[in-house]
Amino acid sequence: MEQVFERPYMIAPSICDFDGRLSVPGAFSLFMDLATEHAERLGVGLSAMRAKNRFWLTVKTKIIFDERPAISEAVRLLTWPEKPGPLRFNRSYELWHDDRRVIAGRTEWAVLNTESGALAPSQDIFPENLNYVRGSALEEGFARVPDRFDGEPFAEYRVRPTDIDLGGHMNNAAYPRALFGAFSVQALREKPVRCVDLIFRAPCHEGDLLSFYKKEEDGRLDIRMSRGEETVLLGRIGF
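From a predicted model like this one, the values you see are computed outputs, not experimental measurements. (Residues numbered from 1 in each chain as written. Predicted model: local features only at pLDDT ≥ 70, side-chain atom pairs only at ≥ 80, totals over all residues. Heavy atoms only, no water.)

**Regarding the nonpolar core**
- Trp56, Leu95, Met170 and Leu179 are the most contacted members of the largest nonpolar core, which has 58 residues in total.
- Looking at which element gives the most residues to this core, the answer is helix H1 (residues 24-42), with nine residues.
- In this structure Leu95 touches Leu22, Leu30, Phe31, Pro69, Val75, Arg76, Leu77, Arg100, Arg101, Val102 and Ile103, once residues within four positions along its chain are discounted.
- One finds Ala143, Phe149, Ile199 and Leu234 within the second-largest nonpolar core, a separate group that totals six residues. (Core = buried A, V, L, I, M, F, W, Y, C linked by side-chain atoms within 4.5 Å. Buried < 20%, exposed > 50% of the residue type's maximum accessible area, 1.4 Å probe, protein only. Helix = DSSP H or I, 4+ residues; strand = E, 2+ residues; numbered from the N terminus. Contact = heavy atoms within 4.5 Å.)

The structure is reproduced here in structure tokens:
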């Protein structure tokens, strides 16, 4: 069974930004959709996992941008699961344009046993005949972001019905949309994003009021997203 899944793609307007290029939140959505498609092909998609009382949880995601392709440009997408550890799974992603890799990412996952509430061990998740011939797309590890910031929040966000997924909580792709929606077009143009880390700490639900805190230093911006005193997401944006 093939470890690597590849397919062509045309950059759609629905995931592009104000400059007509693949947006940062759009890249998160694109990679999530790609992972879902490959999981179905491997027999570990939503329905198959639900039948075993299992559910995929996203723990961390990192995406590095060398450039962002424009609307209607033809690209190649690749994704593959890396060899899992006892309780953690990593999946790599690449986006190629004109024979150059321009975006790369990595996501750390866990599998929840929905009956016991415990994390499920990895040995019985992927097919036994899956050959792990390729390692990670990224050499850089995930960022470590402090979970307490001084100062007042710079933005707030009320979780909308359109943010909610099949699991009844805020979809993973909705977090970067909410986060980058807190910045102006001018601010995003002045500091092009090179790298984004997101660390998911707690699920959010419809109606939750989220507060955003930030700390900028050494060419990066650390983000804390909280619900009251509880941290629900940590992020690091590199410029």
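**Section: empty space enclosed by the protein**
- Tallying each qualifying case throughout the model produces one cavity of 30 Å³ or more.
- If you add up the space inside the largest cavity, you get close to 160 Å³.
- Around the largest cavity, the lining comprises 15 residues; the ones closest to its centre are Phe28, Met32, Thr58, Thr61 and Thr107.
- Where the lining of the largest cavity is concerned, the elements lending two or more residues are H1, strand S2 (54-65) and strand S5 (100-113).
- Classifying every residue of the lining of the largest cavity gives eight nonpolar, five polar and two charged. (1 Å grid on protein atoms, 1.4 Å probe; cavity = no way out; pocket = protein on both sides within 12 Å on 5 of 7 lines; lining within 4 Å. Points joined across faces, edges and corners; volume = space filled by probe spheres on them. Nonpolar A, V, L, I, M, F, W, Y, C, P; charged D, E, K, R; others polar.)

**Overview of the side chain of Ser92**
- Within the secondary structure, Ser92 is located in strand S4 (residues 89-97).
- Reaching out from Ser92, the side chain makes a polar contact with the side chain of Glu82 at a distance of 2.6 Å.
- Not counting residues up to four positions away in its chain, the partners in contact with Ser92 are Leu78, Thr79, Trp80, Glu82, Gly105, Arg106, Gly135, Ser136 and Ala137. (Polar contact = N/O pair within 3.5 Å; in protein donor to acceptor, adjacent residues only side chain to side chain.)

**Regarding the pattern of salt bridges**
- Tallying each qualifying case throughout the model produces 18 salt bridges.
- Between Arg220 and Glu217 there is a salt bridge, with its nearest N and O atoms 3.8 Å apart.
- Given a relative accessible area of 27%, Arg220 falls into the partly exposed group.
- For Glu217, a relative accessible area of 34% translates into the label partly exposed.
- Taken together, the shared-partner salt bridges in this structure form one network comprising Lys62, Glu140, Arg194 and Asp197. (Salt bridge = Lys/Arg side-chain N within 4 Å of Asp/Glu carboxyl O.)

**Side note on the packing of aromatic side chains**
- Under the criterion given, the structure shown has eight aromatic pairs.
- Plain terms: the ring middles of Phe154 and Phe212 are 6.2 Å apart, the flat faces sit at 55 degrees to each other, and that makes the pair tilted. Here Phe154 is found in the loop between S5 and strand S6 (155-158), whereas its partner Phe212 is found in strand S8 (residues 209-217), with 58 residues between them in sequence.
- Phe154 gets classed as partly exposed once you look at its relative accessible area, which sits at 27%.
- An aromatic cluster is present here, built from Trp56, Phe89, Trp109 and Phe126 joined pairwise through their rings.
- Its end group placed over the ring of Phe239, Lys191 keeps NZ or CZ at 5.4 Å from the ring centre.
- Lying over the aromatic face of Phe154, Lys214 brings its terminal NZ or CZ to 4.8 Å of the ring centre. (Phe/Tyr/Trp six-rings, centres within 6.5 Å; stacked < 30°, edge-to-face > 60°. Lys NZ or Arg CZ within 6 Å of the ring centre and 35° of its normal.)

**Some thoughts on the layout of surface pockets**
- Each pocket or cavity is described by its volume, and for the largest pocket that value is around 900 Å³.
- Surrounding the largest pocket, 35 residues form its lining, Phe55, Trp56, Thr58, Trp109 and Asn172 being those nearest its centre.
- Put simply, the parts of the chain that give the lining of the largest pocket at least two residues each are H1, helix H2 (46-51), S2 and S4.
- If one sorts the elements of the lining of the largest pocket by residue count, S2 sits on top with six residues.
- Broken down by class, the residue content of the lining of the largest pocket amounts to 22 nonpolar, eight polar and five charged.
- In this structure, the second largest pocket occupies an estimated 440 Å³ of space.

That's the geometry; what it means functionally is another story.
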